[in-house]
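# Per-entry structural report
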Amino acid sequence: MVKLTIDLIARCTSGYTKKKRDESVQHYLKRLTHLYLEDRGIDEIGDDDMAMCRNLTVLYLYDNRLCKVPNLNQNQNVTHLYLQNNEISRIEHLSPLRRLSKLYLGGNHITVVEGLEKLDQLQELHLENQNLPPGEKLLFDPRSLLMMSTCIQVLNVSGNYLDSIRDLECLRQMTQFMASDNSLNDMKELAHLVSSWRHLWRLELMGNPLCHRPKYRDRVIVMAHKLEVLDGKEISENSRQFLMKWQASKDANKRKKERSRKAVALEHTYGLPRKQFDEVLARSASLPNSAAAAGRGLGPKAQSDMSVPKYRNTYGTTIHNYQSVPTFEPGNAHATRGLITIGKDLASGDLLAFDT
């Protein structure tokens, strides 16, 4: 067992802050700003052991045997706190550190991210590789998430068995997100999140199942327009522009296929090949009660009330089983020109078409 003492503190400083020969211990501890207590086997820190270090801003306590976060009530100037690779199981005693901007807690036994409600200056939070019980994953307390949403810019949750990061959507200030070696597999969820993180420039996801999806890297680059580094590799502007054009072309082809599908569905609906459908349009346009010939369309009801079996237009023609369908530019079956209403005239039994 190693307990923190004033003597140990005096010996754990850098060459720039060594105690002067004629300097009192109290004065020396008061002027300390950085304290290097890493890898000392420390397993106990009393509530007042660091009370005299009032000007401390950076505290290194990683690679020790601490079971809890030390009480730093008298060290309210701390901005950087390094506690990784200890045996801490709960985040606590941090509320007094209102200036804390970077917190390192990786490699501990933390199961719930909590106790951060007062840390409105916290910009970086590192929680990677927690030693979790079998079958458990890292969880986030909603109250801490609410505070994090206003300030967190860097978050490391790698190696914590996460299968979803949906709860992190609220972290709109995120610039760097590290979530390697988890169980993430939902590309749609990832796309939704990165669209919310508009300042994101670094993303680390190696070791997740979704990394094995076809064109994973290309798809992620297209999702996050401002991303500069993905899985440790920089994204060149040429690559980004090429992929954006590739995606635009892919989307255009998708729209083209959808228009073709609708055209085929129209043919099946009326049993008319394209040539005969054009003949119906031409014949209807020559009728005196045709909306196309008169330069007027059917009323609003004809456009919206498609559930009724028949409708009488403003010219007195009763149309049976009508439906609004797209028209196309001449010679181009994929370029829509507008909508027409097609149906049967109850009086004559002819198929008629009217501009909508």
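I will try to describe carefully the structure that is included in this document. (Residues numbered from 1 in each chain as written. Predicted model: local features only at pLDDT ≥ 70, side-chain atom pairs only at ≥ 80, totals over all residues. Heavy atoms only, no water.)

## Side note on the overall build of the protein chain
In terms of regular secondary structure, the protein chain is built from 9 helices and 18 strands. Looking at the protein chain as a whole, 42% of its 356 residues qualify as buried. Put simply, 42% of the contacts in the protein chain that link residues at least 6 apart link residues at least 24 apart. Looking at the protein chain as shown, the accessible area adds up to about 19300 Å², and 48% of this sits on carbon and sulfur atoms. (Helix = DSSP H or I, 4+ residues; strand = E, 2+ residues; numbered from the N terminus. Buried < 20%, exposed > 50% of the residue type's maximum accessible area, 1.4 Å probe, protein only. Contact = heavy atoms within 4.5 Å. Areas by Shrake-Rupley, 256 points an atom, 1.4 Å probe, with all protein chains shown as cover.)

## Quick notes on the layout of surface pockets
Estimated volume of the second largest pocket: approximately 160 Å³. Lining of the second largest pocket is provided by Lys137, Leu138, Leu139, Phe140, Leu162, Ser164, Ile165, Arg166, Asp167 and Leu168. Residue composition of the lining of the second largest pocket, by class: 6 nonpolar, 1 polar and 3 charged. (1 Å grid on protein atoms, 1.4 Å probe; cavity = no way out; pocket = protein on both sides within 12 Å on 5 of 7 lines; lining within 4 Å. Points joined across faces, edges and corners; volume = space filled by probe spheres on them. Nonpolar A, V, L, I, M, F, W, Y, C, P; charged D, E, K, R; others polar.)

## Description of the sheet that holds strand 10 (residues 154–156)
Read across the open sheet, the 10 strands follow the order 2-4-5-6-8-10-11-12-13-14; overall the sheet is mixed. Pairing within the sheet leaves two strands with one partner each, and these edge strands are strand 2 (34–36) and strand 14 (233–234). Note: strand 4 (residues 58–60) against strand 5 (residues 80–82), 3 bridges, orientation parallel. Residue pairing in the sheet places Tyr60 in a bridge with Tyr82 of strand 5. (Pairing = 2+ DSSP bridges.)

## Here's the deal with the packing of aromatic side chains
Scanning the model with the defined rule gives 5 aromatic pairs in all. An angle of 10 degrees between the planes, with centres 5.0 Å apart, marks the rings of Tyr36 and Tyr60 as stacked. Of this pair, Tyr36 sits in strand 2 while Tyr60 sits in strand 4, placing them 24 residues apart in sequence. Residue classification places Tyr36 among the partly exposed positions, given a relative accessible area of 26%. Ring centres 4.6 Å apart and planes at 20 degrees place the aromatic pair Tyr60 and Tyr82 in the stacked group. Placement of the pair is Tyr60 in strand 4 and Tyr82 in strand 5, with a sequence separation of 22 residues. By way of ring pairs, the aromatic residues Tyr36, Tyr60, Tyr62, Tyr82 and Tyr104 are connected into one cluster. (Phe/Tyr/Trp six-rings, centres within 6.5 Å; stacked < 30°, edge-to-face > 60°.)

## A few points about the pattern of salt bridges
What the rule picks out here adds up to 9 salt bridges. Put simply, Asp163 and Lys137 hold a salt bridge, and the shortest N to O gap is 2.8 Å. Of this pair, Asp163 sits in the loop between strand 10 and strand 11 (176–178) while Lys137 is found in the loop between strand 8 (124–126) and strand 9 (139–140), placing the two residues 26 residues apart along the sequence. Between Arg143 and Asp141 there is a salt bridge whose closest N-O contact spans 3.1 Å. What makes Asp141 buried here is its relative accessible area of 13%. (Salt bridge = Lys/Arg side-chain N within 4 Å of Asp/Glu carboxyl O.)

## Topic: empty space enclosed by the protein
Enumeration according to the criterion identifies 1 cavity of 30 Å³ or more in this entry. Here the largest cavity is characterised by a volume of approximately 30 Å³. What lines the largest cavity is Ile165, Leu184, Asp186, Glu189, Leu190, Leu205 and Leu210. Broken down by class, the residue content of the lining of the largest cavity amounts to 5 nonpolar, no polar and 2 charged.

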